[in-house]
Structure formats: C-alpha cells, structure tokens
Amino acid sequence: LPALMQIFWVCALASSLFMVGQLISSMLGLGDMDTDLGDSVDGMDDSGGMDLFTVKNVTNFFVGFGWGGISFASVVEIQWLLVTLAVGCGILFVLLFILLFRQLMKIQSNSAVGIEASIGQIADVYLRIPAARSGRGKIQICIQGAAREINAVTDDFDEIQTGGTVRVLEKFNEDTVVVTQKV
C-alpha cells in the first residue's frame, strides 16, 4: 500500500477501535474516557454545548479522516485533493457529533427532572472543573434513575480533576450546579 493509504488505514482502524472502547466502557459504567484537551477554545461550553478539543472529538475527526480518505481513494487520484477531502470528512464528523450531542442535551434538558433534584447528591467529574468559579466543567450524575450530564462550577480553591467525586451543593443557574470535592 502507498504511504498515504497506510496513514488512512491506521487512522481509521485505530480511531474506530478507540471509539468502540469508549462506547463499551461507557455502557459498562467504567467511566467516560473523555477529557478536556485544554481551555475552551470555541466557547461553546458557555452556551451548554461542549468543548471542541476533547478526546471524543479528536477521535471523531480521525474516524472521519481515515474512512473518508479510504472511501475517496479509488475515485480521487490527486493526493492533495484526497487529503483535503479526508480532512473535510474529519471536520464533518466532528460537527455532526457536536450537533447530535447538542440535540440530545436539548432533549435531556427538556425532561421533567430539574437539576434541583441533584442537590446533595454525589456525582462523578466528567470534564475537569476549574477552581474558584473560573470556568465550567461537567459532572455525570444519576437523578431519579436517569443518567445526566450537568455543567458544574466550584468554590474550591483547587481544580477538580476528571474522574473525581463531588457533592452537589446548589443550583448556580438553569443548567449549572455548584459542587465541592469535600464529599
């Protein structure tokens, strides 16, 4: 295989296997392997969306890039055009997953269960929570038998890392709660 096709195959297979691993671990309750890869770049988390640079989105990009490159390789012979199309497929995959995620969050936020029911409950940190209300993170919590993902801030002076355990103290606004690591 030419070097470019090898790159496409490695990206497609490795990222697809990683995606399946994430799905299985989520379904088994072993935690979500997603993490924030830096500060919020696009500001989407302020509107209830998600950060652009997360492990899931990078994985989604490489799934689209790899499989897109493989798919177009038989009809596009110009390498720079093939790579451009593959990058476009990767970006399209990320955007589609973000849109899907936002729609799911709208359905979830329109449910009858308000975040007030989470007060006093224990939750797992899904995306790191910056210290002293300097930014938002996310928690995963079970409210009335339904798993929910909720934005979270903390008054703690230390950042709360992904995978940590927190207690919900109060409602901050319509889609965000205040948490503490002191369980």
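Note that the coordinates shown come from a computational prediction; the quantities given were computed from them, not determined experimentally. (Residues numbered from 1 in each chain as written. Predicted model: local features only at pLDDT ≥ 70, side-chain atom pairs only at ≥ 80, totals over all residues. Heavy atoms only, no water.)

A. Expanded view of the overall build of the chain. Helix and strand counts for the chain stand at three helices and five strands. Ordered by position from N to C terminus, the α and β elements of the chain give α-α-α-β-β-β-β-β. In the chain, 58% of the contacts between residues at least 6 apart in sequence involve partners at least 24 apart. Element-wise, carbon and sulfur atoms account for 66% of the exposed surface of the chain, whose accessible area totals about 10100 Å². (Helix = DSSP H or I, 4+ residues; strand = E, 2+ residues; numbered from the N terminus. Contact = heavy atoms within 4.5 Å. Areas by Shrake-Rupley, 256 points an atom, 1.4 Å probe, with all protein chains shown as cover.)

B. The nonpolar core, seen in detail. With 14 residues, the main nonpolar core has Ile129, Ile139, Ile150, Val166, Val177 and Val179 as its most contacted residues. Listing elements by their share of this core, those giving two or more residues are strand S1 (122–127), strand S2 (137–143), strand S3 (146–154), strand S4 (165–173) and strand S5 (176–180). Broken down by element, the residue count for this core peaks at three residues, all from S2. Listed in part, the 10 residues of the second largest apolar core include Leu4, Cys11, Phe65 and Ile70. (Core = buried A, V, L, I, M, F, W, Y, C linked by side-chain atoms within 4.5 Å. Buried < 20%, exposed > 50% of the residue type's maximum accessible area, 1.4 Å probe, protein only.)

C. A look at a nonpolar patch on the surface. Where nonpolar side chains cluster on the molecular surface, the patch consists of Leu92, Phe93, Leu96, Phe97, Leu99, Leu100 and Leu104 and spans about 630 Å² of accessible area. Residue position: Phe97 is located in helix H3 (residues 79–109). (Patch = residues over 30% accessible without salt bridge, like charges linked within 9 Å, V, L, I, M, F, W, Y side chains within 5 Å. Salt bridge = Lys/Arg side-chain N within 4 Å of Asp/Glu carboxyl O.)

D. Fine view of the packing of aromatic side chains. The final tally for this structure, using the stated rule, is six aromatic pairs. A centroid spacing of 6.5 Å and a plane angle of 90 degrees characterise the contact between Phe62 and Phe65, whose relative ring orientation is edge-to-face. With Phe62 and Phe65 both in helix H2 (residues 55–72) and three residues apart, the pair spans about one turn of that helix. The exposure class of Phe65 is buried, given its relative accessible area of 10%. Through a chain of ring-to-ring contacts, three or more aromatic side chains come together here, namely Phe8, Phe61, Phe62 and Phe65. (Phe/Tyr/Trp six-rings, centres within 6.5 Å; stacked < 30°, edge-to-face > 60°.)

E. Summary view of the sheet that holds S4. With mixed pairing, five strands are arranged side by side around a closed barrel as S1-S2-S3-S5-S4. For this sheet, the mean inter-axis angle between neighbouring strands, taken without regard to orientation, is 55 degrees. For S4 and S5, the ladder comprises five bridges, and the chain directions are antiparallel. When the bridges of S5 are listed, Lys171 appears paired with Val177. (Pairing = 2+ DSSP bridges. Axes fitted to C-alpha atoms, helices over the stretch in contact; angles between N-to-C directions.)

Limitation: the analysis is restricted to geometry and does not speak to function.
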